[in-house]
Amino acid sequence: MADIMDVTDPGWQRPAALDPAVVRRAWRVTEPLHGMIYFVPEAHERYAALGLPEPAGYFASRAAALGPVGPGPVVATFFNFNPDLVARVLPAAWQRATPAAVLAARLEAADAALTRALGDAVHGPEMVEAAGLARRAAESAAAHPEGRPLSAAHAALPWPEQPHLILWQAQTVLREFRGDGHVAALVLAGLTGLEALVLHAASGEVPVRFLRRTRGWTGDQWAAAVERLRGRGLIEGAEPALTDAGRAQRAWLEAATDRLATPAYAVLGVDGCARLAELTRPMSRAVVDAGLLNVDNAVPPRADLPASRSA
């Protein structure tokens, strides 16, 4: 544990130009405008129309910016999904729909869902301003592609024309930029994808059942990861909870993720980040109030999907 914590001290990364808390607030407030795409029926329906029932639609839509990849790059970049689950749907999904078709379906779903939640506000001046700020940050993120495969892939996509879709795509890039940095922190901490989930569940923030169901891990696999983390002194108790060392590890991971996200937002500065959050807060609240983030619509694993075979 100590050797992991020590890397925060000697400058293993460039100093952040912004207070990471400012960046975190701008990201967190705006995130529902992107995150709803994983829950809304508009997305599930469009993927199904392409012949991609869930969870194939989820994996294909989020990975499509990388091209017609197999399970390896997805397991590596998504990080915490059971590789067996991913292999059931990739690369077989690309025999049913091209990456371009999947990306188009995803953008159509974002359009329909945001319009449903926001109504005429998708055309308002606040949307135009928010889209401009978020796009500046996303284009700044594109200047830092090193070690950011998902962010870089999405940053290379053409920009849509409508402001609410520009905002959605910009937040997609920023979300993946932050996620790529989070994966780097997890790897540095010596955690596997499954162990990261167990540690998260032990914090009490997300139910074990939800994480296991959506990530495709078996009870035996989960129990084995619990014992590994118990052996490292990070969790304790019959109903696993974080130890002091576990809480310190989680705090370090969150702080590292925040710092690694700051380069994308430096172009906005403190005032720009605050303005982005101010503009998107009522939009994100409308998304939540409209039920677009209903966790009951999270993608469940499907045991009946055929195993994928490489060409």
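Up top you'll find the structure we're talking about.
This one's a predicted model, so the numbers in the text were calculated from it and none came from an experiment.

K.L.:
Please explain the packing of helix 8 (residues 99–118) against helix 16 (residues 269–289) as it appears in this structure.
P.N.:
The description of two packed helices rests on the angle between their axes and on the distance between the axes. Between helix 8 and helix 16, the shortest axis-to-axis distance is 8 Å and the interhelical angle comes to 95°. In terms of their interaxial angle, helix 8 and helix 16 are classed as roughly perpendicular. Together, Leu 114, Ala 117 and Leu 118 of helix 8 and Met 283, Ala 286 and Val 287 of helix 16 make up the contact between the two elements. Along the lines of polarity and charge, the residues of the contact of helix 8 with helix 16 split into 6 nonpolar, no polar and no charged.

K.L.:
What is the right way to look at the packing of aromatic side chains in this model?
P.N.:
Here a ring pair, both rings aromatic, is described through the centre-centre distance and the interplanar angle of the planes. A full pass over the atoms with the stated rule returns 7 aromatic pairs. These aromatic residues form a ring-pair network of at least three members: Tyr 38, Tyr 58, Phe 59, Phe 78 and Phe 81. Sitting over the face of the ring of Phe 177, Arg 148 holds its NZ or CZ atom 3.8 Å from the ring centroid.

K.L.:
Mind showing me how you'd approach the packing of helix 4 (residues 41–49) against helix 8 here?
P.N.:
Two elements in contact, helix 4 and helix 8, have axes whose closest approach is 8 Å; the angle formed by their N-to-C orientations is 150°. As judged from the angle between their axes, helix 4 and helix 8 are roughly antiparallel. Helix-helix and strand crossings are classified by hand; for helix 4 and helix 8 the assignment is right-handed. Contact residues: helix 4 offers Pro 41, Glu 42, Ala 43, Arg 46 and Tyr 47, while helix 8 offers Val 102, Ala 105, Arg 106, Glu 108, Ala 109, Ala 112, Ala 113 and Arg 116.

K.L.:
Hey, could you run me through the environment of Val 198 in this one?
P.N.:
Along the chain, the position of Val 198 falls in helix 12 (residues 193–202). Discounting residues that sit within four places of it in the chain, Val 198 has contacts with Trp 222, Ala 225, Val 226, Leu 229 and Ile 235.

The rules we used
- Residues numbered from 1 in each chain as written.
- Predicted model: local features only at pLDDT ≥ 70, side-chain atom pairs only at ≥ 80, totals over all residues.
- Heavy atoms only, no water.
- Axes fitted to C-alpha atoms, helices over the stretch in contact; angles between N-to-C directions.
- Helix = DSSP H or I, 4+ residues; strand = E, 2+ residues; numbered from the N terminus.
- Parallel < 35°, antiparallel > 145°, perpendicular 65-115°, else oblique.
- Contact = heavy atoms within 4.5 Å.
- Nonpolar A, V, L, I, M, F, W, Y, C, P; charged D, E, K, R; others polar.
- Phe/Tyr/Trp six-rings, centres within 6.5 Å; stacked < 30°, edge-to-face > 60°.
- Lys NZ or Arg CZ within 6 Å of the ring centre and 35° of its normal.
- Left-handed = near helix turned anticlockwise from the far one by under 90°.

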